[in-house]
Amino acid sequence: MRFLFGLLLVGAALVAVLWASQIDRGPLVINRADEYRVVLRWGRPIAEIHDAGIAGMWGPRIPFVDEVLVFDKKIQYLSAAATEVEIAANDRVIVDYYVLWQIDSPLAFRRTFPGNVPAAEAQIQNTVGSLVKSTVGTLSMGELLARAGALDTLAQRSTAELLDEGVRVIDVRINRTELPISSQKATFEQMREQRRAIAREKRAVGEREAREIRARAEHEAREILAAANAAGQVARGDGDAQAAHIYAAAYGKDAEFYAFTRSLEAYRRSLGEKTSIFLSPDHEFFRYLDPSRAGR
Amino acid sequence: MAGSPPVSAPATGAAERAGRGLTRMLLDRFLLAASFAILLGWGWQGVFKVAPGESAVILRLGAHHRTRIEEGYWAHLPPPLESHVLVNTGQIRSETFGENPTRSTPGKAVDVEDEVVAEKITRAAIQTADHNVVNVSYGLQYKIADGFAWAFSMADPASVLHDATEAAMRNVIGRRTIDAVLSQDQNEILQEAEELLSGMLADYSRAVGHAVAFEVVRLTLEKPQAPEEVREAFADVVSAGQDEKRSALVATGDASEIVEQARSLAAEIREQAEAYQDAKIVEARGEAARFEALLVEYQAAPEVTRRRLYLETMEAILPAMDKVIGDPAAVNLWSSWPPVQAPAGAVAGEGKR
């Protein structure tokens with residue numbers, strides 16, 4: 001019974017010690033994974049604890065004498081206010097960026113920023129903000145939009161300025177750039193002009209293509225007609241030649257008779273109503289008109 | 001305090017002694033029970049429940065010790081020895097950007113000027129490399145990949161992820177021209193943005209020695225659009241493209257009409273020529289045959305045939321003609337002949353035969 005009570009007592013005491021340490025009132029210092037702890041003895045820092053677990057190296061803390069300060073070790077997110085910056089070629093642009101930072105050295109941080117994180121944020125926004133402005137100010141719009149390499153070093157340069165204050169900047173990233181209202185109108189106008197030019201070009205190209213197509217068709221049509229005409233002439237010529245051949249073969253059998261019949265035919269065709277003829281009574285046709293001459 | 005006798009009680013009553021022993025025993029029992037109850041209660045504090053989709057991140061004396069992902073009731077050493085944080089790692093979380101954003105990005109304004117600037121920011125418009133502006137709405141779906149990193153590596157992981165996504169997407173679009181953004185394969189944009197984002201998140205985690213807290217499930221991109229103010233001009237470009245195609249089509253139609261007309265005309269010309277050719281030959285054959293037939297007759301009786309043909313012809317042509325019969329040697333008829341001018345080729349010498 002006595003033993004049991006003793007065990008309970010020891011256990012209770014241990015738990016009490018641990019609880020007290022957990023809330024930074026006990027003799028041990030327990031550091032959580034996302035925190036730093038600084039132990040002050042008589043107001044003087046004696047230990048800066050970065051790692052998680054029970055800090056044994058610096059020995060037990062003297063309760064009520066040693067003070068424990070806790071700092072956040074997590075990455076802090078700072079969304080900076082959007083600011084208007086004048087960049088190269090007198091363009092103005094609104095830049096919105098965010099900063100990721102972390103307390104690097106809790107003691108230095110504490111010395112610089114007694115107000116802890118909120119105070120640090122104001123300072124960081126100032127420092128990083130002026131760096132961003134001066135860096136962005138040297139870039140052209142195109143470089144800014146393509147996130148030129150100069151922007152990659154912002155974190156390094158910010159860290160260089162803030163490290164003495166216990167702050168390490170992990171990233172400075174421009175998440176958005178916007179045009180001020182005043183230049184938006186100009187941008188829209190420029191966009192409209194670009195589109196108009198493209199539309200005009202497309203229509204012109206369409207017209208040109210149409211013309212080409214029609215011209216090619218007309219070319220082809222002309223070729224087709226010319227070929228047909230040529231073939232036609234050949235056929236006609238051939239027809240004439242064959243006909244001539246046939247005529248020659250037939251008429252050649254008696255050229256004189258041909259001349260006679262053909263002349264008669266020609267008379268039939270060419271001599272008609274409007275023809276006047278003067279005939280001599282001696283004419284062959286009247287051979288029998290005057291019986292006296294019939295004997296001739 | 002526990003236990004019993006050897007107290008200094010000279011000579012009190014035995015009954016009194018016995019009574020005191022009883023109360024003491026009862027008190028002891030009560031204290032013991034109370035102690036156990038307290039111990040039990042303390043131990044109970046180490047019991048925790050992992051719901052479906054959750055992970056329990058367990059810290060031992062402040063340091064990460066293990067992560068439980070199996071559902072059900074579990075126990076760890078009672079606090080302050082061990083403690084746990086429950087993180088929902090199964091849930092798919094989402095952020096949207098553009099038209100209906102889940103959060104507004106510009107940070108807290110420092111002064112009035114900044115506040116004015118912040119109000120001017122349009123949500124959906126993104127600048128492109130050719131100094132145009134394009135409206136893009138996109139979304140991110142993600143899961144917590146590592147509960148410990150999620151809970152202990154960043155103060156505001158969701159905001160970091162949101163802004164990083166925005167930075168990545170705007171960077172990718174800012175490197176392209178508006179035409180590329182409007183027409184290009186959107187998967188390419190998404191892939192590039194996701195690579196950029198993963199790189200950034202990995203850098204952040206490495207900087208504080210943690211695993212990457214997020215797993216990007218997917219990035220989605222709605223069809224990018226030209227801003228409302230210039231949409232008309234963009235629509236006109238589209239209709240110009242259609243005009244271009246249409247005029248080419250019309251021209252092709254015209255072209256085939258022209259060619260077909262030419263072909264039909266060509267066919268006509270050929271047919272006509274062939275018809276002429278055939279007709280000429282047939283005609284020639286006909287006439288030759290007639291001539292040959294006549295020739296046969298003529299050769300049989302040349303004089304008679306010749307005279308007959310002649311007289312038939314004269315008979316046929318003379319009735320219609322104006323005729324004067326006279327002695328050309330006696331009268332100069334030409335002067336009084338009604339048609340004043342003499343027909344140049346007037347037949348005169350027919351009688352020579």
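Model, not experiment: these values are computed from the prediction.

Asker: Before we move on, could you go through the nonpolar core and cite the residues and values that matter?
Answerer: A general trend in soluble globular proteins is that nonpolar side chains are found buried together. Counting residues in hydrophobic clusters, the biggest one holds 91 residues, and the most contacted among them are Val-95 and Val-99 of chain A. A total of nine residues in this core trace back to one element, the largest contributor, which is strand β8 (residues 92–103) of chain A. Other than its neighbours up to four places away in sequence, Val-95 of chain A contacts Ala-82, Thr-83, Val-85, Val-132, Val-136, Ile-174 and Thr-177 of chain A. Grouped together as the second largest cluster of nonpolar side chains are 14 residues, Ala-210 and Ala-217 of chain A together with Ile-269 and Ala-273 of chain B included.

Asker: Before we move on, could you go through the domain arrangement of chain A and cite the residues and values that matter?
Answerer: Examined at the domain level, chain A breaks down into domain 1 (15–71), domain 2 (76–178), domain 3 (184–224) and domain 4 (262–293). Relative placement of domain 3 of chain A and domain 4 of chain A: their C-alpha centres are 79 Å apart.

Asker: With reference to specific residues and values, describe unusual backbone geometry.
Answerer: Of note, the amide linkage connecting Pro-79 of chain B to Pro-80 of chain B takes the cis form, showing an omega dihedral of 10°. Of note, the phi angle at Leu-61 of chain B is positive, near 50°, even though the residue is not glycine.

Asker: Mind laying out the sheet that holds strand β3 (residues 44–49) of chain A, listing which residues take part and the relevant values?
Answerer: What links the strands of a sheet is backbone hydrogen bonding, and the strands pair in either a parallel or an antiparallel sense. Residues and elements named next belong to chain A. Strand order across the open sheet formed by three strands is β3-β2-β5, with antiparallel pairing between neighbours. Only two strands of the sheet have a single neighbouring strand rather than two, namely β3 and β5 (66–72). The mean inter-strand angle of the sheet, taken between neighbouring strand axes irrespective of direction, is 25°. Pairing analysis gives seven bridges linking strand β2 (residues 35–41) to β5, with the strands arranged antiparallel. Note on β5: the bridge partner recorded for Arg-37 is Val-70.

Asker: For the sheet that holds strand β9 (residues 138–144) of chain B, give the residues involved together with the corresponding values.
Answerer: Residue and element names in this part refer to chain B. With antiparallel pairing, three strands are arranged side by side in an open sheet as β6-β9-β10. Strands at the two margins of the open sheet, each flanked by one partner only, are β6 (93–97) and β10 (214–221). The sheet shows a mean angle of 20° between the axes of neighbouring strands, taken without regard to direction. Where β9 and β10 come together, seven bridges link them in antiparallel fashion. Looking across to β10, one finds that Ile-144 is bridged to Phe-214.

Asker: Describe the interface of chain A and chain B, naming the residues involved and giving the relevant values.
Answerer: Contact residues are listed per partner, giving 114 residues for chain A and 116 residues for chain B. Looking at which element gives the most residues to the side of chain A that touches chain B, the answer is helix α6 (residues 181–251) of chain A, with 42 residues. For the side of chain A that touches chain B, the residue count by class is 59 nonpolar, 23 polar and 32 charged. In this structure, strand β10 (residues 276–279) of chain A lies alongside strand β11 (residues 322–325) of chain B, joined through four bridges in parallel fashion. Considered in β11 of chain B, the bridge of Phe-278 of chain A is made with Val-324 of chain B.

Asker: Lay out the packing of helix α4 (residues 157–174) of chain B against helix α6 (residues 186–207) of chain B in plain terms, naming residues and giving numbers.
Answerer: Residue and element names in this part refer to chain B. With their axes 9 Å apart at the nearest point, α4 and α6 run at an angle of 135° to one another. By the criterion of interaxial angle, the relationship of α4 to α6 is oblique. Our pair here, α4 against α6, has a crossing hand that is right-handed. Contacts between α4 and α6 involve Val-160, Ala-164, Thr-165, Ala-168, Met-169, Asn-171, Val-172 and Ile-173 from the first element and Ile-189, Glu-192, Ala-193, Leu-196, Leu-197, Met-200, Leu-201 and Tyr-204 from the second. Looking at side-chain class alone, the contact of α4 with α6 contains 13 nonpolar, two polar and one charged residues.

Asker: Residue-level account of helix α3 (residues 116–137) of chain A, with values.
Answerer: Residue and element names in this part refer to chain A. Its 22 residues give α3 an end-to-end C-alpha distance of 31 Å, which sits within 8% of 32 Å, the value for a rise of 1.5 Å per residue. When we look at burial in α3, the residues that qualify are Ala-120, Glu-121, Ile-124, Gln-125, Val-128, Gly-129, Val-132 and Val-136. One face of α3 carries all of its buried residues, which in axial projection span an arc of 160°. Facing away from the buried surface of α3 by more than 90 degrees, the exposed residues are Asn-126, Ser-130 and Ser-134.

Reading the values: the criteria
Residues numbered from 1 in each chain as written. Chains lettered and ligands numbered in written order. Predicted model: local features only at pLDDT ≥ 70, side-chain atom pairs only at ≥ 80, totals over all residues. Core = buried A, V, L, I, M, F, W, Y, C linked by C-beta atoms within 7 Å. Buried ≥ 20, exposed ≤ 12 C-beta atoms within 10 Å, placed from the backbone. Helix = DSSP H or I, 4+ residues; strand = E, 2+ residues; numbered from the N terminus. Contact = placed C-beta atoms within 7 Å. Domains from an automatic or database assignment. Pairing = 2+ DSSP bridges. Axes fitted to C-alpha atoms, helices over the stretch in contact; angles between N-to-C directions. Nonpolar A, V, L, I, M, F, W, Y, C, P; charged D, E, K, R; others polar. Parallel < 35°, antiparallel > 145°, perpendicular 65-115°, else oblique. Left-handed = near helix turned anticlockwise from the far one by under 90°. Expected span 1.5 Å × (residues − 1). Arc of directions from axis to C-beta.

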